[in-house]
Amino acid sequence: MKPYRLINRLGSGGFVVEAALTLADIPFELDLIASDPSSPLPDQFRDLNPWGQVPVLTTPEGAVLTECAAILFYLAERHRSLRYGPNLFVEDVSRFYRWTSFLATNVYEGILRKSYPDRYAIDPSIPQEQLRNAIRTAARARTHRALHLIENELADSAFLCGMRLSPADIFLAMLSAWHNPQPDLPRCNAVTEFVANQEQIAEIWFRNFDHRLDHRWQDE
């Protein structure tokens, strides 16, 4: 049977899937598209995902999965090593579904609005750069509010699903890194630093995010 095939491009959301597969010791093939995250994907990619976004995960049975949260849920249901260790643990399943969905819906969406404002609103009556800046400002503020809610949830536990690292925390770390370290989000910053410096995935983090982020999260 074929292994999983992960299609992504460097610096994109497929990092969380690649990291989760690696930490769970699940065999997979990585198919990197040679393009920058801000550039259009090849036209033929839409044959796999008509929405035109990475990541895409194809299963050994030939099914096609998109959306980071959906991929994490699928893998967690099929592979005990994403839930019960030795590197990833879902100690509270309800929190895993809740916060992974929250991150995808509110934090990831806010970052996309900030990064790609032209996708969301074009009003010919408003100067376009003015409109883009307004969208970016609103998106960043909403993203920060969403992460602040996560910050409060981390007050009673080291990680989102308990006291040990879960796939949801890898998702949080990626999104928090894209938002840059914030002084009023110390717990989110701590999770991000922890993930970035995990020995098994440190090279994956470096390959995806070094020279692409304003802040270097990895220890020198």
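Calculation notes
- Residues take numbers from 1 onward in each chain, read along the sequence in its written order.
- pLDDT decides what is reported in this predicted model: residues at 70 or higher carry local features, side-chain atom pairs at 80 or more are listed and counted, and totals for whole chains, interfaces and linings draw on all residues regardless.
- Excluding hydrogens and water, the side-chain values take into account all heavy atoms of the structure.
- The secondary structure listing takes helices from DSSP runs of H or I that are at least 4 residues long and strands from runs of E that are at least 2 residues long, numbered from the N terminus.
- For each residue, the accessible area found with a 1.4 Å probe, counting protein chains only, is set against the maximum for its type, and the residue is called buried under 20%, exposed over 50%, and partly exposed in between.
- Residue contacts are defined here by distance: any two heavy atoms, one from each residue, within 4.5 Å place the two residues in contact.
- Only the protein chains shown count as cover for residues, and all accessible areas are computed by the Shrake-Rupley method using a 1.4 Å probe.
- Residues scored as positive are Lys and Arg, those scored as negative are Asp and Glu, and His as well as the terminal groups of each chain are ignored.
- Here the site of a charge means NZ on Lys, CZ on Arg, CG on Asp, or CD on Glu.
- Here the term cavity refers to a set of points on a 1 Å grid, laid over the protein atoms alone, in which a 1.4 Å probe fits but cannot get out; the term pocket refers to an open set having protein on both sides within 12 Å along at least five of seven lines, with lining residues being those that place an atom within 4 Å of a point.
- Grid points are joined across faces, edges and corners, and a volume is the space filled by probe spheres set on the points.
- Under the convention adopted here, Pro, Cys and the residues Ala, Val, Leu, Ile, Met, Phe, Trp and Tyr are nonpolar, Asp, Glu, Lys and Arg are charged, and Gly plus all remaining residues are polar.
- Orientation is described by axes fitted as lines to C-alpha atoms, over the contacting stretch for helices, and by angles from 0 to 180 degrees between their N-to-C directions.
- By definition in this entry, angles of less than 35 degrees are roughly parallel, angles greater than 145 are roughly antiparallel, angles of 65 to 115 are roughly perpendicular, and the rest are oblique.
- Throughout, a crossing is termed right-handed when the near helix is turned clockwise from the far one, and left-handed when it is turned anticlockwise from it by less than a right angle.

**Q** Requested: an account of the overall build of the chain, with residues and values cited.
**A** Broken down by element type, the chain carries seven helices and four strands. Mapped from its N terminus to its C terminus, the chain presents α and β elements in the order β-α-β-β-β-α-α-α-α-α-α. The 220 residues of the chain split such that 49% are buried. In the chain, 65% of the contacts between residues at least 6 apart in sequence involve partners at least 24 apart. In the structure as shown, the chain presents an accessible area of about 10,900 Å², 52% of it carried by carbon and sulfur atoms. Both charge centroids of the chain, one from 22 positive and one from 28 negative side chains, sit 4 Å from each other.

**Q** How would you explain empty space enclosed by the protein if you had to name every residue and give the values?
**A** Tallying each qualifying case throughout the model produces one cavity of 30 Å³ or more. The space that makes up the largest cavity amounts to roughly 70 Å³. Lining the largest cavity are Trp205, Phe206, Phe209, Asp210, His211, Leu213, His215, Arg216, Trp217 and Gln218. Partitioning the lining of the largest cavity into residue classes produces five nonpolar, three polar and two charged.

**Q** Mind laying out the packing of helix H2 (residues 68-78) against helix H3 (residues 93-115), listing which residues take part and the relevant values?
**A** Orientation of H2 relative to H3, taken along the N-to-C sense of each, is 160 degrees, at an axis distance of 9 Å. As judged from the angle between their axes, H2 and H3 are roughly antiparallel. Considering how the two elements wind past one another, H2 and H3 form a crossing that is right-handed. In this structure, H2 uses Cys68, Ala69, Leu72, Phe73, Ala76 and Glu77 to contact H3, whose residues at the interface are Phe96, Tyr97, Thr100, Ser101, Ala104 and Tyr108. A class-by-class count of the residues in the contact of H2 with H3 yields nine nonpolar, two polar and one charged.

**Q** Describe the side chain of Glu18, with residues and values.
**A** Within the secondary structure, Glu18 is located in helix H1 (residues 14-23). What makes Glu18 buried here is its relative accessible area of 4%. Each residue touching Glu18, except ones within four places of it in the same chain, is listed here: Leu6, Phe28, Leu30, Ile204, Arg207 and Asn208.

**Q** How would you explain unusual backbone geometry if you had to name every residue and give the values?
**A** Of all residues except glycine, most have a negative phi; of all peptide bonds, most are trans. Along the chain, Val54 connects to Pro55 via a cis peptide bond; the corresponding omega equals 5 degrees. Position of Pro55 among the secondary structure elements: in the loop between strand E2 (28-32) and strand E3 (56-58). The omega torsion of the bond from Gly85 to Pro86 falls at 15 degrees, within 30 degrees of zero and hence cis. Structurally, Pro86 can be placed in the loop between H2 and H3. Its identity is not glycine, yet Glu67 carries a phi of approximately 75 degrees, on the positive side. Relative to the assigned elements, Glu67 resides in the loop between strand E4 (64-66) and H2.

**Q** Can you explain the environment of Leu48? Please cite residues and give values.
**A** Within the fold, Leu48 resides in the loop between E2 and E3. Sequence separation of Leu48 and Gln182 is 134 residues, and the distance between their C-alpha atoms is 37 Å. Beyond its immediate stretch of four places on either side in the chain, Leu48 contacts Arg5, Ile7, Val56, Thr58 and Val64.

**Q** Break down the layout of surface pockets for me, with residues and values.
**A** Size it by volume and the largest pocket reaches roughly 1,300 Å³. Around the largest pocket sit 45 residues that line it, and Pro37, Tyr108, Leu112, Ser115 and Tyr116 are the ones nearest its centre. For the lining of the largest pocket, the secondary structure elements donating two or more residues are H2, H3, helix H4 (128-153) and helix H5 (167-179). Looking at which element gives the most residues to the lining of the largest pocket, the answer is H3, with nine residues. For the lining of the largest pocket, the residue count by class is 20 nonpolar, 14 polar and eleven charged.

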